[in-house]
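Residue-level listing of the chains:
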Amino acid sequence: MRQGTTTRRHAAFCQGSIMRHVVVMAGTGAIGLMAVFMVDLLNLFYISILHNPAMTAAIGFTAAVGFIQIAVSIGMSIGLGATTSRQIGAGHHDMAQRIASSFFVVMLILTSLIGFGTALLAHPILHALGAHGEAEHQAALYLYISSPMLPLIAAGMGCSSLLRAVGAAQQSMNVTLAGALISALLDPVLILWMHLELQGAAFSTLASRALVAALGAYCARQHDLLAWPVVRFIRTDTHRVGQIAMPAILTNLATPIGGIFVTHAMASFGLSAVAGQATIDRIVPVAFAFVFALTGSIGPIMSQNLGAGKPERVHETLVSSLKLVLGCVALTWAILFFGQNVVIHIFSATGTTASLIRLFCNWTIGGYFFIGILFVANSAFNNLGHPLYSTLFNWGRATLGTIPFVWVGMHFGPMGVQVGQVLGSVLFGVCAVMVAFGVVRNLKVEPAAIHPDSIPSLPPAQSAESAMIELDDLDNEAQEYEQGEEDARDRSLSRSGG
(Lines give C-alpha, C1' and ligand atoms only; values in the text may rest on other atoms or scores of the structure.)
Protein backbone atom coordinates (compact mmCIF):
# COMPACT_ATOMS: atom_id res chain seq x y z
CA MET A 1 0.00 0.00 0.00
CA ARG A 2 1.32 3.45 -0.87
CA GLN A 3 1.15 5.87 2.03
CA GLY A 4 0.06 9.40 1.40
CA THR A 5 -1.97 8.62 -1.71
CA THR A 6 -5.68 8.78 -2.32
CA THR A 7 -7.54 6.29 -4.45
CA ARG A 8 -10.77 7.60 -5.96
CA ARG A 9 -13.57 5.10 -5.40
CA HIS A 10 -17.24 5.19 -6.23
CA ALA A 11 -19.38 5.98 -3.15
CA ALA A 12 -22.43 3.85 -3.90
CA PHE A 13 -24.93 5.52 -1.55
CA CYS A 14 -24.43 9.17 -2.52
CA GLN A 15 -26.80 8.89 -5.47
CA GLY A 16 -29.96 7.01 -6.39
CA SER A 17 -33.04 6.17 -4.34
CA ILE A 18 -32.46 6.20 -0.58
CA MET A 19 -35.37 3.85 0.05
CA ARG A 20 -33.95 1.42 -2.49
CA HIS A 21 -30.53 1.52 -0.82
CA VAL A 22 -32.05 0.88 2.60
CA VAL A 23 -34.29 -1.95 1.38
CA VAL A 24 -31.48 -3.66 -0.56
CA MET A 25 -29.07 -3.42 2.35
CA ALA A 26 -31.62 -4.51 4.92
CA GLY A 27 -32.88 -7.31 2.70
CA THR A 28 -29.47 -8.84 2.12
CA GLY A 29 -28.54 -8.20 5.73
CA ALA A 30 -31.72 -9.85 6.98
CA ILE A 31 -31.00 -12.99 4.99
CA GLY A 32 -27.57 -13.30 6.55
CA LEU A 33 -28.76 -12.46 10.06
CA MET A 34 -31.76 -14.75 9.81
CA ALA A 35 -29.51 -17.62 8.74
CA VAL A 36 -27.20 -17.08 11.72
CA PHE A 37 -29.98 -16.69 14.27
CA MET A 38 -31.98 -19.52 12.77
CA VAL A 39 -29.05 -21.77 13.60
CA ASP A 40 -29.24 -20.57 17.22
CA LEU A 41 -32.96 -21.29 17.16
CA LEU A 42 -32.28 -24.79 15.82
CA ASN A 43 -29.77 -25.30 18.64
CA LEU A 44 -32.55 -24.54 21.10
CA PHE A 45 -34.88 -26.91 19.23
CA TYR A 46 -32.37 -29.78 19.38
CA ILE A 47 -31.73 -29.15 23.07
CA SER A 48 -35.49 -29.02 23.78
CA ILE A 49 -35.83 -32.49 22.24
CA LEU A 50 -33.72 -33.77 25.16
CA HIS A 51 -36.49 -32.62 27.55
CA ASN A 52 -33.94 -31.37 30.09
CA PRO A 53 -35.03 -28.00 31.61
CA ALA A 54 -31.55 -27.47 33.09
CA MET A 55 -30.02 -27.72 29.61
CA THR A 56 -32.51 -25.26 28.14
CA ALA A 57 -31.96 -22.86 31.02
CA ALA A 58 -28.18 -23.17 30.50
CA ILE A 59 -28.67 -21.70 27.03
CA GLY A 60 -30.28 -18.67 28.62
CA PHE A 61 -27.38 -18.17 31.03
CA THR A 62 -24.72 -18.57 28.34
CA ALA A 63 -26.62 -16.16 26.12
CA ALA A 64 -26.52 -13.50 28.83
CA VAL A 65 -22.73 -13.84 29.05
CA GLY A 66 -22.27 -14.17 25.30
CA PHE A 67 -24.24 -11.01 24.60
CA ILE A 68 -21.68 -8.98 26.55
CA GLN A 69 -18.80 -10.49 24.58
CA ILE A 70 -20.62 -9.87 21.31
CA ALA A 71 -21.42 -6.29 22.35
CA VAL A 72 -17.71 -5.52 22.72
CA SER A 73 -16.97 -7.07 19.34
CA ILE A 74 -19.83 -5.16 17.72
CA GLY A 75 -18.61 -1.90 19.24
CA MET A 76 -15.15 -2.38 17.77
CA SER A 77 -16.57 -3.34 14.38
CA ILE A 78 -18.75 -0.22 14.48
CA GLY A 79 -15.69 1.94 15.02
CA LEU A 80 -13.83 0.13 12.24
CA GLY A 81 -16.74 0.35 9.80
CA ALA A 82 -17.43 3.99 10.62
CA THR A 83 -13.88 5.08 10.03
CA THR A 84 -13.46 3.20 6.78
CA SER A 85 -16.93 4.19 5.47
CA ARG A 86 -16.25 7.86 6.02
CA GLN A 87 -12.80 7.62 4.44
CA ILE A 88 -14.21 5.82 1.41
CA GLY A 89 -17.04 8.33 1.11
CA ALA A 90 -14.45 11.12 1.10
CA GLY A 91 -12.30 9.27 -1.46
CA HIS A 92 -9.48 8.08 0.82
CA HIS A 93 -9.48 4.33 0.10
CA ASP A 94 -5.79 3.82 0.86
CA MET A 95 -6.22 5.47 4.24
CA ALA A 96 -9.20 3.23 4.95
CA GLN A 97 -7.04 0.18 4.22
CA ARG A 98 -4.27 1.39 6.51
CA ILE A 99 -6.62 2.09 9.42
CA ALA A 100 -8.39 -1.27 9.03
CA SER A 101 -5.11 -3.18 8.96
CA SER A 102 -3.79 -1.39 12.05
CA PHE A 103 -6.92 -1.80 14.15
CA PHE A 104 -7.34 -5.48 13.33
CA VAL A 105 -4.22 -6.26 15.36
CA VAL A 106 -5.53 -4.46 18.44
CA MET A 107 -9.01 -5.95 18.07
CA LEU A 108 -7.70 -9.51 18.06
CA ILE A 109 -5.51 -8.92 21.11
CA LEU A 110 -8.30 -7.33 23.17
CA THR A 111 -10.87 -10.01 22.35
CA SER A 112 -8.36 -12.73 23.24
CA LEU A 113 -7.95 -11.23 26.70
CA ILE A 114 -11.71 -10.94 27.16
CA GLY A 115 -12.36 -14.47 25.92
CA PHE A 116 -9.81 -16.19 28.14
CA GLY A 117 -10.83 -14.04 31.11
CA THR A 118 -14.46 -15.09 30.72
CA ALA A 119 -13.51 -18.77 30.59
CA LEU A 120 -11.43 -18.49 33.76
CA LEU A 121 -14.25 -16.75 35.65
CA ALA A 122 -17.11 -18.78 34.17
CA HIS A 123 -18.47 -20.22 37.44
CA PRO A 124 -18.45 -16.93 39.45
CA ILE A 125 -20.12 -15.13 36.55
CA LEU A 126 -22.84 -17.77 36.12
CA HIS A 127 -23.44 -17.96 39.85
CA ALA A 128 -23.96 -14.19 39.95
CA LEU A 129 -26.62 -14.60 37.24
CA GLY A 130 -28.53 -17.04 39.43
CA ALA A 131 -27.38 -20.27 37.81
CA HIS A 132 -26.85 -23.30 40.01
CA GLY A 133 -26.66 -27.08 39.83
CA GLU A 134 -26.78 -28.79 36.45
CA ALA A 135 -27.66 -25.58 34.59
CA GLU A 136 -24.53 -23.87 35.92
CA HIS A 137 -22.37 -26.89 35.07
CA GLN A 138 -23.62 -27.14 31.48
CA ALA A 139 -23.34 -23.39 30.91
CA ALA A 140 -19.76 -23.39 32.24
CA LEU A 141 -18.75 -26.20 29.86
CA TYR A 142 -20.15 -24.18 26.95
CA LEU A 143 -18.17 -21.09 27.97
CA TYR A 144 -14.96 -23.08 28.40
CA ILE A 145 -15.18 -24.07 24.75
CA SER A 146 -16.55 -20.93 23.10
CA SER A 147 -15.08 -17.98 25.04
CA PRO A 148 -11.37 -18.45 24.22
CA MET A 149 -12.29 -18.29 20.53
CA LEU A 150 -13.88 -14.84 20.83
CA PRO A 151 -11.28 -13.38 18.38
CA LEU A 152 -12.93 -15.43 15.63
CA ILE A 153 -16.20 -13.59 16.26
CA ALA A 154 -14.46 -10.21 16.28
CA ALA A 155 -12.55 -10.99 13.07
CA GLY A 156 -15.75 -12.07 11.31
CA MET A 157 -17.61 -8.95 12.42
CA GLY A 158 -14.68 -6.72 11.52
CA CYS A 159 -14.45 -8.13 8.01
CA SER A 160 -18.21 -7.85 7.64
CA SER A 161 -18.02 -4.15 8.55
CA LEU A 162 -15.27 -3.61 5.99
CA LEU A 163 -17.30 -5.30 3.26
CA ARG A 164 -20.32 -3.20 4.16
CA ALA A 165 -18.18 -0.07 4.09
CA VAL A 166 -17.61 -0.54 0.36
CA GLY A 167 -21.18 -1.71 -0.22
CA ALA A 168 -20.41 -5.40 -0.84
CA ALA A 169 -23.71 -6.56 0.65
CA GLN A 170 -24.12 -9.73 -1.39
CA GLN A 171 -20.59 -10.87 -0.68
CA SER A 172 -20.97 -10.19 3.04
CA MET A 173 -24.27 -12.09 3.02
CA ASN A 174 -22.73 -15.08 1.25
CA VAL A 175 -19.93 -15.29 3.82
CA THR A 176 -22.48 -15.27 6.63
CA LEU A 177 -24.63 -17.87 4.90
CA ALA A 178 -21.63 -20.18 4.52
CA GLY A 179 -21.01 -20.07 8.27
CA ALA A 180 -24.67 -20.66 9.04
CA LEU A 181 -24.79 -23.63 6.66
CA ILE A 182 -21.83 -25.32 8.34
CA SER A 183 -23.39 -24.84 11.77
CA ALA A 184 -26.76 -26.13 10.59
CA LEU A 185 -25.12 -29.30 9.25
CA LEU A 186 -23.00 -29.93 12.35
CA ASP A 187 -25.63 -29.20 15.01
CA PRO A 188 -27.76 -32.35 14.72
CA VAL A 189 -24.65 -34.50 14.30
CA LEU A 190 -22.84 -33.16 17.36
CA ILE A 191 -25.82 -32.50 19.64
CA LEU A 192 -27.99 -35.53 18.93
CA TRP A 193 -26.06 -38.20 17.02
CA MET A 194 -22.77 -37.88 18.97
CA HIS A 195 -24.67 -37.05 22.19
CA LEU A 196 -22.45 -34.03 22.97
CA GLU A 197 -25.56 -31.99 23.84
CA LEU A 198 -24.74 -28.36 24.70
CA GLN A 199 -21.01 -28.94 24.17
CA GLY A 200 -21.83 -30.06 20.64
CA ALA A 201 -23.56 -26.74 20.04
CA ALA A 202 -20.41 -24.96 21.23
CA PHE A 203 -18.16 -26.91 18.84
CA SER A 204 -20.55 -26.27 15.97
CA THR A 205 -20.55 -22.55 16.72
CA LEU A 206 -16.75 -22.47 16.73
CA ALA A 207 -16.56 -24.15 13.32
CA SER A 208 -19.07 -21.69 11.90
CA ARG A 209 -17.31 -18.61 13.23
CA ALA A 210 -13.91 -19.85 12.08
CA LEU A 211 -15.23 -20.23 8.53
CA VAL A 212 -16.83 -16.77 8.59
CA ALA A 213 -13.60 -15.19 9.83
CA ALA A 214 -11.50 -16.92 7.16
CA LEU A 215 -13.85 -16.16 4.26
CA GLY A 216 -14.40 -12.60 5.51
CA ALA A 217 -10.66 -11.92 5.59
CA TYR A 218 -10.27 -13.35 2.10
CA CYS A 219 -13.06 -11.13 0.72
CA ALA A 220 -11.73 -8.05 2.50
CA ARG A 221 -8.35 -8.64 0.88
CA GLN A 222 -10.10 -8.86 -2.50
CA HIS A 223 -11.42 -5.32 -1.96
CA ASP A 224 -7.97 -4.06 -0.86
CA LEU A 225 -9.31 -3.38 2.62
CA LEU A 226 -6.70 -5.36 4.55
CA ALA A 227 -2.93 -5.41 4.23
CA TRP A 228 0.04 -6.11 6.44
CA PRO A 229 -0.12 -3.45 9.21
CA VAL A 230 2.52 -0.73 9.46
CA VAL A 231 3.75 -0.75 13.06
CA ARG A 232 4.36 2.99 13.33
CA PHE A 233 0.73 3.75 12.42
CA ILE A 234 -0.96 1.26 14.77
CA ARG A 235 -1.15 3.61 17.75
CA THR A 236 -2.44 6.56 15.73
CA ASP A 237 -4.99 4.54 13.79
CA THR A 238 -6.17 2.74 16.92
CA HIS A 239 -6.73 6.06 18.65
CA ARG A 240 -8.78 7.26 15.68
CA VAL A 241 -10.99 4.17 15.65
CA GLY A 242 -11.09 4.06 19.45
CA GLN A 243 -12.70 7.49 19.62
CA ILE A 244 -15.64 5.89 17.86
CA ALA A 245 -15.41 2.35 19.16
CA MET A 246 -15.35 3.18 22.88
CA PRO A 247 -18.70 5.02 22.91
CA ALA A 248 -20.08 2.30 20.63
CA ILE A 249 -18.93 -0.42 23.02
CA LEU A 250 -20.51 1.39 25.95
CA THR A 251 -23.70 1.78 23.95
CA ASN A 252 -23.85 -1.87 22.93
CA LEU A 253 -23.07 -3.08 26.45
CA ALA A 254 -26.24 -1.45 27.71
CA THR A 255 -28.59 -4.02 26.16
CA PRO A 256 -26.85 -7.16 27.53
CA ILE A 257 -26.42 -5.52 30.93
CA GLY A 258 -30.17 -4.93 31.04
CA GLY A 259 -30.65 -8.49 29.81
CA ILE A 260 -28.56 -9.80 32.70
CA PHE A 261 -30.91 -8.12 35.18
CA VAL A 262 -33.90 -9.67 33.39
CA THR A 263 -32.25 -13.13 33.42
CA HIS A 264 -31.53 -12.80 37.12
CA ALA A 265 -35.14 -11.78 37.74
CA MET A 266 -36.45 -14.74 35.75
CA ALA A 267 -34.11 -17.12 37.62
CA SER A 268 -35.95 -16.28 40.85
CA PHE A 269 -39.03 -17.98 39.37
CA GLY A 270 -37.26 -21.23 38.44
CA LEU A 271 -35.72 -22.90 35.41
CA SER A 272 -39.01 -22.87 33.45
CA ALA A 273 -39.06 -19.06 33.52
CA VAL A 274 -35.42 -18.89 32.38
CA ALA A 275 -36.19 -21.41 29.63
CA GLY A 276 -39.13 -19.28 28.48
CA GLN A 277 -36.98 -16.18 28.35
CA ALA A 278 -34.25 -18.10 26.48
CA THR A 279 -36.80 -19.26 23.91
CA ILE A 280 -38.03 -15.71 23.32
CA ASP A 281 -34.45 -14.45 23.10
CA ARG A 282 -33.87 -16.95 20.27
CA ILE A 283 -37.14 -16.14 18.49
CA VAL A 284 -36.67 -12.36 18.51
CA PRO A 285 -33.52 -12.16 16.32
CA VAL A 286 -35.12 -14.43 13.69
CA ALA A 287 -38.49 -12.69 13.78
CA PHE A 288 -36.92 -9.23 13.62
CA ALA A 289 -33.89 -9.98 11.47
CA PHE A 290 -35.06 -7.35 8.98
CA VAL A 291 -35.41 -4.73 11.72
CA PHE A 292 -31.96 -5.44 13.13
CA ALA A 293 -30.42 -5.39 9.65
CA LEU A 294 -32.40 -2.26 8.79
CA THR A 295 -31.31 -0.26 11.79
CA GLY A 296 -27.70 -1.04 11.01
CA SER A 297 -28.11 -0.54 7.27
CA ILE A 298 -28.30 3.22 7.53
CA GLY A 299 -24.72 3.34 8.81
CA PRO A 300 -22.83 3.18 5.51
CA ILE A 301 -25.53 5.29 3.79
CA MET A 302 -25.28 8.07 6.34
CA SER A 303 -21.50 7.88 6.51
CA GLN A 304 -21.02 8.21 2.78
CA ASN A 305 -23.58 11.00 2.37
CA LEU A 306 -22.17 12.86 5.34
CA GLY A 307 -18.70 12.53 3.84
CA ALA A 308 -20.07 13.79 0.51
CA GLY A 309 -21.83 16.76 2.17
CA LYS A 310 -25.46 15.74 1.46
CA PRO A 311 -27.48 16.26 4.68
CA GLU A 312 -30.84 16.06 2.90
CA ARG A 313 -30.13 12.43 2.02
CA VAL A 314 -29.21 11.75 5.64
CA HIS A 315 -32.68 12.98 6.68
CA GLU A 316 -34.33 10.86 4.01
CA THR A 317 -32.45 7.80 5.25
CA LEU A 318 -33.77 8.32 8.78
CA VAL A 319 -37.39 8.70 7.61
CA SER A 320 -37.24 5.68 5.31
CA SER A 321 -35.84 3.49 8.08
CA LEU A 322 -38.60 4.41 10.52
CA LYS A 323 -41.29 3.58 7.96
CA LEU A 324 -39.79 0.17 7.33
CA VAL A 325 -39.47 -0.58 11.06
CA LEU A 326 -43.19 0.05 11.50
CA GLY A 327 -44.13 -2.19 8.58
CA CYS A 328 -41.85 -5.02 9.65
CA VAL A 329 -43.03 -5.09 13.27
CA ALA A 330 -46.69 -5.05 12.21
CA LEU A 331 -46.19 -7.97 9.83
CA THR A 332 -44.18 -10.01 12.36
CA TRP A 333 -46.76 -9.38 15.09
CA ALA A 334 -49.55 -10.72 12.85
CA ILE A 335 -47.59 -13.85 11.93
CA LEU A 336 -46.66 -14.76 15.51
CA PHE A 337 -50.11 -13.91 16.86
CA PHE A 338 -51.74 -16.49 14.61
CA GLY A 339 -48.83 -18.95 14.79
CA GLN A 340 -48.19 -19.00 18.54
CA ASN A 341 -49.55 -22.51 19.03
CA VAL A 342 -47.13 -23.83 16.42
CA VAL A 343 -44.22 -22.12 18.20
CA ILE A 344 -45.19 -23.62 21.54
CA HIS A 345 -45.53 -27.09 20.02
CA ILE A 346 -42.17 -26.91 18.21
CA PHE A 347 -40.28 -26.16 21.40
CA SER A 348 -42.30 -28.56 23.54
CA ALA A 349 -43.09 -25.64 25.88
CA THR A 350 -45.34 -26.20 28.87
CA GLY A 351 -46.35 -24.34 32.02
CA THR A 352 -44.53 -21.07 32.65
CA THR A 353 -42.45 -21.41 29.49
CA ALA A 354 -45.58 -21.66 27.32
CA SER A 355 -47.26 -18.77 29.14
CA LEU A 356 -44.30 -16.48 28.53
CA ILE A 357 -44.29 -17.36 24.82
CA ARG A 358 -48.03 -16.65 24.54
CA LEU A 359 -47.66 -13.27 26.27
CA PHE A 360 -44.89 -12.35 23.87
CA CYS A 361 -46.82 -13.37 20.74
CA ASN A 362 -50.03 -11.64 21.88
CA TRP A 363 -48.85 -8.37 23.38
CA THR A 364 -45.26 -7.60 24.29
CA ILE A 365 -44.02 -8.17 20.75
CA GLY A 366 -45.47 -4.76 19.90
CA GLY A 367 -42.86 -3.13 22.10
CA TYR A 368 -40.20 -4.05 19.58
CA PHE A 369 -41.38 -1.19 17.38
CA PHE A 370 -40.04 1.20 20.00
CA ILE A 371 -36.87 -0.85 20.38
CA GLY A 372 -36.45 -0.70 16.61
CA ILE A 373 -36.84 3.07 16.38
CA LEU A 374 -34.42 3.43 19.30
CA PHE A 375 -31.83 1.50 17.31
CA VAL A 376 -32.50 3.66 14.25
CA ALA A 377 -31.98 6.79 16.34
CA ASN A 378 -28.75 5.33 17.72
CA SER A 379 -27.49 4.82 14.18
CA ALA A 380 -28.24 8.45 13.40
CA PHE A 381 -26.43 9.65 16.53
CA ASN A 382 -23.41 7.50 15.75
CA ASN A 383 -23.18 8.69 12.16
CA LEU A 384 -23.75 12.37 12.84
CA GLY A 385 -21.09 12.85 15.46
CA HIS A 386 -23.17 12.39 18.63
CA PRO A 387 -22.20 8.93 19.90
CA LEU A 388 -22.75 10.00 23.51
CA TYR A 389 -26.45 10.49 22.75
CA SER A 390 -26.58 6.88 21.65
CA THR A 391 -24.79 5.80 24.82
CA LEU A 392 -27.14 7.90 26.96
CA PHE A 393 -30.35 6.52 25.47
CA ASN A 394 -29.17 2.91 25.42
CA TRP A 395 -28.01 3.01 29.02
CA GLY A 396 -31.14 4.90 29.98
CA ARG A 397 -33.26 2.13 28.53
CA ALA A 398 -31.08 -0.59 30.14
CA THR A 399 -31.23 1.02 33.60
CA LEU A 400 -34.08 3.48 34.17
CA GLY A 401 -36.10 1.81 31.42
CA THR A 402 -35.53 -1.73 32.70
CA ILE A 403 -34.62 -2.10 36.38
CA PRO A 404 -37.54 -0.22 38.03
CA PHE A 405 -40.09 -1.65 35.58
CA VAL A 406 -38.81 -5.21 35.96
CA TRP A 407 -38.58 -4.83 39.75
CA VAL A 408 -42.24 -3.81 39.90
CA GLY A 409 -43.13 -6.55 37.41
CA MET A 410 -41.53 -9.21 39.63
CA HIS A 411 -44.39 -8.72 42.07
CA PHE A 412 -46.70 -10.12 39.36
CA GLY A 413 -44.58 -13.14 38.49
CA PRO A 414 -42.46 -13.92 35.41
CA MET A 415 -45.10 -12.44 33.10
CA GLY A 416 -44.75 -9.15 34.94
CA VAL A 417 -40.99 -9.27 34.35
CA GLN A 418 -41.53 -9.59 30.60
CA VAL A 419 -44.03 -6.71 30.51
CA GLY A 420 -41.74 -4.51 32.59
CA GLN A 421 -38.83 -5.17 30.25
CA VAL A 422 -40.84 -3.83 27.29
CA LEU A 423 -42.53 -0.80 28.89
CA GLY A 424 -39.33 1.19 29.39
CA SER A 425 -38.52 0.88 25.69
CA VAL A 426 -41.61 2.89 24.76
CA LEU A 427 -40.45 6.02 26.58
CA PHE A 428 -36.82 5.89 25.50
CA GLY A 429 -37.63 4.94 21.89
CA VAL A 430 -39.92 7.92 21.36
CA CYS A 431 -37.54 10.38 23.03
CA ALA A 432 -34.53 9.10 21.07
CA VAL A 433 -36.27 9.53 17.70
CA MET A 434 -37.32 13.08 18.56
CA VAL A 435 -33.74 13.99 19.44
CA ALA A 436 -32.46 12.26 16.28
CA PHE A 437 -34.65 14.44 14.06
CA GLY A 438 -33.35 17.49 15.90
CA VAL A 439 -29.76 16.43 15.23
CA VAL A 440 -30.49 15.87 11.52
CA ARG A 441 -32.17 19.27 11.16
CA ASN A 442 -29.12 21.01 12.61
CA LEU A 443 -26.61 19.31 10.32
CA LYS A 444 -24.07 21.67 8.79
CA VAL A 445 -21.64 19.86 6.55
CA GLU A 446 -19.56 20.62 3.49
CA PRO A 447 -18.39 18.23 0.79
CA ALA A 448 -15.07 16.69 1.79
CA ALA A 449 -12.05 17.92 -0.13
CA ILE A 450 -9.82 15.25 -1.59
CA HIS A 451 -6.32 15.74 -0.29
CA PRO A 452 -3.75 12.98 0.06
CA ASP A 453 -2.86 13.70 3.65
CA SER A 454 -6.11 15.12 4.98
CA ILE A 455 -7.97 13.19 7.66
CA PRO A 456 -11.56 14.40 8.16
CA SER A 457 -13.29 14.30 11.52
CA LEU A 458 -14.86 10.87 11.91
CA PRO A 459 -18.35 10.44 13.32
CA PRO A 460 -19.17 6.80 13.94
CA ALA A 461 -21.43 4.57 11.91
CA GLN A 462 -23.60 1.63 12.86
CA SER A 463 -22.67 -1.67 11.30
CA ALA A 464 -25.05 -3.19 8.69
CA GLU A 465 -25.34 -5.01 5.40
CA SER A 466 -24.84 -2.68 2.40
CA ALA A 467 -25.77 -2.60 -1.29
CA MET A 468 -23.30 -3.88 -3.93
CA ILE A 469 -20.93 -1.14 -5.08
CA GLU A 470 -20.45 -0.63 -8.83
CA LEU A 471 -16.84 0.09 -9.91
CA ASP A 472 -17.20 -0.36 -13.67
CA ASP A 473 -16.77 3.38 -14.38
CA LEU A 474 -13.82 3.87 -12.04
CA ASP A 475 -11.36 4.94 -14.74
CA ASN A 476 -13.77 7.48 -16.25
CA GLU A 477 -14.56 8.93 -12.84
CA ALA A 478 -10.88 9.27 -12.02
CA GLN A 479 -10.28 11.10 -15.30
CA GLU A 480 -13.25 13.41 -14.67
CA TYR A 481 -11.99 14.14 -11.18
CA GLU A 482 -8.47 14.94 -12.41
CA GLN A 483 -9.90 17.23 -15.09
CA GLY A 484 -12.00 19.00 -12.46
CA GLU A 485 -8.93 19.56 -10.32
CA GLU A 486 -7.08 21.06 -13.30
CA ASP A 487 -9.99 23.38 -14.09
CA ALA A 488 -10.10 24.55 -10.47
CA ARG A 489 -6.38 25.34 -10.55
CA ASP A 490 -6.76 27.25 -13.80
CA ARG A 491 -9.58 29.37 -12.32
CA SER A 492 -7.49 30.04 -9.23
CA LEU A 493 -4.52 31.18 -11.34
CA SER A 494 -6.79 33.40 -13.44
CA ARG A 495 -8.15 35.13 -10.32
CA SER A 496 -4.62 35.58 -8.98
CA GLY A 497 -3.45 37.04 -12.26
CA GLY A 498 -6.42 39.41 -12.34
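Residues numbered from 1 in each chain as written. Predicted model: local features only at pLDDT ≥ 70, side-chain atom pairs only at ≥ 80, totals over all residues. Heavy atoms only, no water.

### A short note on the packing of aromatic side chains
Throughout the structure, instances matching the rule amount to seven aromatic pairs. When the centroid spacing of 6.1 Å and the interplanar angle of 85 degrees are considered together, the rings of Phe 360 and Tyr 368 count as edge-to-face. For Phe 360, a relative accessible area of 1% gives the class buried. For Tyr 368, a relative accessible area of 16% puts it in the buried group. Judged by centre distance (5.5 Å) and plane angle (90 degrees), the rings of Phe 381 and Tyr 389 are edge-to-face. Owing to a relative accessible area of 34%, Tyr 389 belongs among the partly exposed residues under this scheme. (Phe/Tyr/Trp six-rings, centres within 6.5 Å; stacked < 30°, edge-to-face > 60°. Buried < 20%, exposed > 50% of the residue type's maximum accessible area, 1.4 Å probe, protein only.)

### What about the packing of helix 12 (residues 311-346) against helix 14 (residues 368-383)?
For the pair helix 12 and helix 14, the least separation of the axes is 9 Å and the interaxial angle reads 160 degrees. Between helix 12 and helix 14, the angle is such that the two are roughly antiparallel. As for the relative orientation of helix 12 and helix 14, their crossing is right-handed in sense. Packed against helix 12, whose contacting residues are Leu 318, Ser 321, Leu 322, Val 325, Leu 326 and Val 329, the element helix 14 presents Tyr 368, Phe 369, Gly 372, Ile 373, Val 376 and Ala 380 at the interface. Counted by class, the contact of helix 12 with helix 14 contains ten nonpolar, two polar and no charged residues. (Axes fitted to C-alpha atoms, helices over the stretch in contact; angles between N-to-C directions. Helix = DSSP H or I, 4+ residues; strand = E, 2+ residues; numbered from the N terminus. Parallel < 35°, antiparallel > 145°, perpendicular 65-115°, else oblique. Left-handed = near helix turned anticlockwise from the far one by under 90°. Contact = heavy atoms within 4.5 Å. Nonpolar A, V, L, I, M, F, W, Y, C, P; charged D, E, K, R; others polar.)

### Some remarks on the packing of helix 9 (residues 231-267) against helix 17 (residues 414-441)
Packing of helix 9 against helix 17 brings their axes to within 9 Å, and their N-to-C directions diverge by 165 degrees. In terms of orientation, helix 9 lies roughly antiparallel with respect to helix 17. Read as a crossing pair, helix 9 and helix 17 show a hand that is right-handed. Together, Val 262, Ala 265 and Met 266 of helix 9 and Pro 414, Val 417, Gln 418 and Gln 421 of helix 17 make up the contact between the two elements.

So far we have only geometry, and geometry alone does not tell us how the molecule works.
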